[in-house]
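The primary structure of each chain is shown beneath.
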Amino acid sequence: EDIPVITIDGPTASGKGTLTDEVAQALGYDVLDSGALYRVTGLAASRHHVDLDDGEAVAALVPTLDLKFESGRVLLDEEDVSADLRQEATGLMASQVGAHPEVRRALHQLQLNFRRLPGLVADGRDMGTAIFPAAPLKVFLTASAATRAERRYKQLISKGISANIDSLRADLEARDARDKGRSASPLQAAADAIELDNSQQTIGESRDLVLSWWQERR
Ligand code: C5P
């Protein structure tokens, strides 16, 4: 139980995924992209025609899922669904299924299983509050809504996906409101988290800050 964990929580498109990958790579640690678990659960539920508002039915589906995580790719029933998972529509499904306490319970142990030597960087909404409450370093990453919408816009355009910046911003604000407002593990900073607003930072600057905090704490 002495496997180190760094948690990185925060709102949609705050740059958690990129920061998590950078920190993990620098330290040689594994990554838990917990959002991918909620996304793949939402995707599987919709494929199986399970009502996303029925928490018990979605939770019952979780143990039956054939999931594999291979270096950033997610396989569902041996099919690579990584691209489907990144769709905005799948993000909304994730936030819908993530609102149910039954679903969060069903995914709890799965997330703990990612903790392996030499260490883990866990990215999500409740990594520091609910899943790894004893983690020695918890980061709560934020950025302004305008910055987040702009980054998401550039990301999509660079992949050749057309996007509208105003509707992206409206979508991410709606998702934030749902994540913060739900009663089951709402998005909030852990009491002992360090808040980092990266609106004006490069990814390298944020990474080096987190690594320096880790030096002090581990
Ligand atoms: O981080 P990502 O955008 O992939 O997460 C998609 C959605 O999944 C979030 O908006 C949130 O509703 C849900 N989620 C969650 N708890 C987590 C990770 C994601 O509820 N730990």
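Sequence positions are assigned chain by chain, starting from 1 and proceeding in written order. Given that this is a predicted model, residues contribute local features only at a pLDDT of at least 70 and side-chain atom pairs are listed and counted only at 80 or more, while totals for whole chains, interfaces and linings are drawn from all residues.

As recorded in an unreviewed UniProt entry, the protein chain goes by the name Multifunctional fusion protein, listed as coming from Roseateles chitinivorans.

Let us look at helix 2 (residues 34–47). Between its first and last C-alpha, helix 2 extends 20 Å over 14 residues, near the 20 Å set by a 1.5 Å rise per residue. Counting buried positions over the 14 residues of helix 2 gives 12, a clear majority of the element. For the exposure call, what matters is how many other C-beta atoms sit within 10 Å of a residue's own: 20 or more marks it buried, 12 or fewer exposed, and in between partly exposed, using C-beta atoms placed from the backbone. Strands are runs of DSSP state E lasting at least 2 residues, helices are runs of H or I lasting at least 4, and numbering of each runs from the N terminus. Of the positions making up helix 2, those classed as buried are S34, G35, A36, L37, Y38, R39, V40, T41, G42, L43, A44 and A45. Of the residues flanking the end of helix 2, it is H49, one or two places downstream, whose phi is positive at about 60°. The span you would expect from a helix comes to 1.5 Å times its residue count less one.

This next bit is on the environment of A146. Assignment of secondary structure puts A146 in helix 8 (residues 145–158). For A146 and L156, which are 10 residues apart along the polypeptide, the C-alpha to C-alpha distance reads 16 Å.

On to the site of the ligand. Neighbouring residues of the ligand: 14 residues in total, closest G35, A94, S95, G98 and G124. Ranked by residue count, the leading element in the shell around the ligand is helix 2, at 4 residues. Amino acids are sorted into nonpolar (Ala, Val, Leu, Ile, Met, Phe, Trp, Tyr, Cys and Pro), charged (Asp, Glu, Lys and Arg) and polar (every other residue, Gly among them). Within the shell around the ligand, the residues separate by chemical class into 2 nonpolar, 7 polar and 5 charged. Only the C-beta atom, placed from the backbone, is used; a residue is near a molecule or strand if that atom lies within 6 Å of it.

Quick look at the sheet that holds strand 1 (residues 5–9) now. Any two strands between which DSSP finds at least two bridges are classified as paired. Taken together, 5 strands build an open sheet; the order of strands is 2-6-1-7-8 and the sheet is parallel. The sheet terminates laterally at strand 2 (30–33) and strand 8 (194–197), the two strands that pair on one side only. Between one strand and the next, the sheet's axes are offset by a mean angle of 20°, whatever the strand orientation. With 5 bridges joining them, strand 1 and strand 6 (residues 120–124) adopt parallel strand pairing. Across the sheet, the residue bridging to I6 is V121, located in strand 6. Whether two residues are in contact is decided by their C-beta atoms, placed from the backbone, lying within 7 Å. Axis lines are fitted to C-alpha atoms, over the contacting stretch for helices. Their N-to-C directions set the angle, which ranges from 0 to 180 degrees. Here helix 1 (residues 16–27) sits on the sheet in contact with strand 1, strand 2, strand 6 and strand 7 (137–142), set at roughly 180° to strand 6. In the packing of helix 2 onto the sheet, the strands contacted are strand 2 and strand 6, and the crossing angle to strand 6 comes to about 50°.

The next subject is the packing of helix 2 against helix 5 (residues 88–97). It is at 8 Å that the axes of helix 2 and helix 5 come closest, and there the two elements cross at 95°. Between helix 2 and helix 5, the angle is such that the two are roughly perpendicular. Between helix 2 and helix 5, the residues in contact are G35, Y38, R39, T41, G42, L43, A45 and S46 and T90, G91, M93, A94, Q96 and V97, respectively. The class makeup of the residues in the contact of helix 2 with helix 5 is 6 nonpolar, 7 polar and 1 charged. Working rule for angles: under 35 degrees goes down as roughly parallel, over 145 as roughly antiparallel, 65 to 115 as roughly perpendicular, anything else as oblique.

Next up on the list: helix 9 (residues 165–181). Between its first and last C-alpha, helix 9 extends 24 Å over 17 residues, near the 24 Å set by a 1.5 Å rise per residue. Within helix 9, burial applies to L168, L172, R175, D176 and D179. Each buried residue of helix 9 lies within a common arc of 105° when the element is viewed along its axis, so the set occupies one face. Turned more than 90 degrees away from the buried face of helix 9, the exposed residues are D166, S167 and G181. Against the buried residues of helix 9 lie helix 5 and helix 8. In this description, the arc belongs to the directions extending from the helix axis to the C-beta atoms.

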